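What follows is each chain in one-letter form.
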Amino acid sequence: MTDFPTLTLRGLRADDWMALQPIVASETGLHDALDVPYASEEAFRERLTNPPAGTHTLVAELMLPSGRERVVGLAWLRVMVAPRRRHTATLQIVVHADYRAGEIEEAILRAALDLTDNWLALRRVEMRLFADDNARAEMLARHGFVQEAVMRRYAVRAGEVVDGWLLARLRPVGAQAPAAGKGGA
Amino acid sequence: MTRKVTRLDILVRGIEADDWEDVAAIRESGNVVFHTLQLPYFSRDKIRDRLENPPADMVGLVAVVGGIVVGQLGLHLYAGRRAHTAALGMMVHGDYQHRGVGTALMEAAVELTERWMGITRLELEVYTDNAPAIALYKKFGFEVEGTLREYALRDGQYVDSYLMARVRQ
């Protein structure tokens, strides 16, 4: 047995909603994302287990030294449905307050980008943050995200209408490219 | 050479299921596919189905000239913590562009969303090379908030869009 917690990133299991719902509904979860307080647990379970087509859900789970498993975060990757935007996905990451903008969140991001770069061959990944989330913006910048837009009056947060940042990452040139069609530019 | 511009008598009203054939004709006209996210070879049945079964979070306006629908504007209403926001998309028949149809639709959309729905943020995406559309949106107080790189595929190339928004306090 190791003395340190080990992190596993895996796909969604049917009962993960019970561990994830309190994370999403926590003060940190509401601060970072667009969920509302007092939301129905049943609605969350439904959203998690019956997502729209093109949704990939990653779950981060810690194996604690005690041998206990603890679900600490998730990533939602949603590939655009519009045919001319199928090369693009939006990414959302929610982690437990103890691990926010730290190594665990970075590990979730790395796994999501492995999925987009090497298995889905997406060209563009978008993330939306509140415009004061510097810690997370710095982490995203380390992984090739660029701030593209400041969205004024983006969303309500605890009584205020707050601006948002739209960040996007284009697939690195080094990544394995899909076979080029003839006559491409 | 001068271009003759005739002032049109334009009526703006809500979209009806019966408008589907005119809406299909708009998409088939001019360079509408090029400047939107529509596909060539689209199904007319799908357009009819969409107009007969409109999503609850969409509001549609059309511009009518001489009994024919020549322009369409759609508003997507966000919910929850973004309920003050709507996203806007529009298209004008290729034979009726630059004659005030877009202006009439935009006037109605701004009035509807701000004076009747309390929307304080109207947003849209437009290809960065669509100068006439960008000029129209700027006329209505939309500002460029950023450039979205490789936003969409257009005739074999990934092209950029501007994110534009009109914001009220």
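Residues numbered from 1 in each chain as written. Chains lettered and ligands numbered in written order. Predicted model: local features only at pLDDT ≥ 70, side-chain atom pairs only at ≥ 80, totals over all residues. Heavy atoms only, no water.

Novice: How do you make sense of the interface of chain B and chain A when you look at a structure like this?
Specialist: It is common to give the size of an interface as the accessible area lost on bringing the parts into contact. Contacts between the two partners involve 32 residues from chain B and, on the opposite side, 30 residues from chain A. A combined buried area of about 2600 Å² lies between chain B and chain A, and 48% of that area is made up of carbon and sulfur atoms. Looking at the side of chain B facing chain A, the largest losses of area belong to B:Arg81, B:Arg149 and B:Glu150, adding up to 33% of the total buried there. Put simply, chain B and chain A have four salt bridges between them. The partner of B:Glu143 in a salt bridge is A:Arg152, with the nearest N and O atoms 3.4 Å apart. Joining chain B to chain A, the criterion identifies 27 residue pairs in polar contact (both at pLDDT 80 or more). Of all elements in the fold, only helix H2 (32–35), strand E5 (121–127), strand E6 (143–154) and strand E7 (157–167) of chain B reach the threshold of two or more residues within the side of chain B that touches chain A. For the side of chain B that touches chain A, the leading source of residues is E6(B), giving eleven residues. (Contact = heavy atoms within 4.5 Å. Buried area = accessible area lost by both parts, 1.4 Å probe. Salt bridge = Lys/Arg side-chain N within 4 Å of Asp/Glu carboxyl O. Polar contact = N/O pair within 3.5 Å; in protein donor to acceptor, adjacent residues only side chain to side chain. Helix = DSSP H or I, 4+ residues; strand = E, 2+ residues; numbered from the N terminus.)

Novice: Looking at this structure, how should I read helix H5 (residues 134–142) of chain A?
Specialist: Structural remark: α-helix, 3.6 residues per turn; residues separated by three or four positions point the same way. Residue and element names in this part refer to chain A. Turning to H5, its buried residues are Arg136, Ala137, Met139 and Leu140. Projection of H5 onto a plane perpendicular to its axis shows the buried side chains occupying an angular sector of 160°, all on one side. What points out from H5, more than 90 degrees from its buried face, is the exposed set Glu138 and Arg142. Buried residues along H5 sit in contact with helix H2 (27–32), strand E4 (88–95), helix H4 (103–119), strand E5 (124–130) and strand E7 (160–170). Backbone geometry just after H5 places glycine 144 at a positive phi near 90°. (Buried < 20%, exposed > 50% of the residue type's maximum accessible area, 1.4 Å probe, protein only. Arc of directions from axis to C-beta.)

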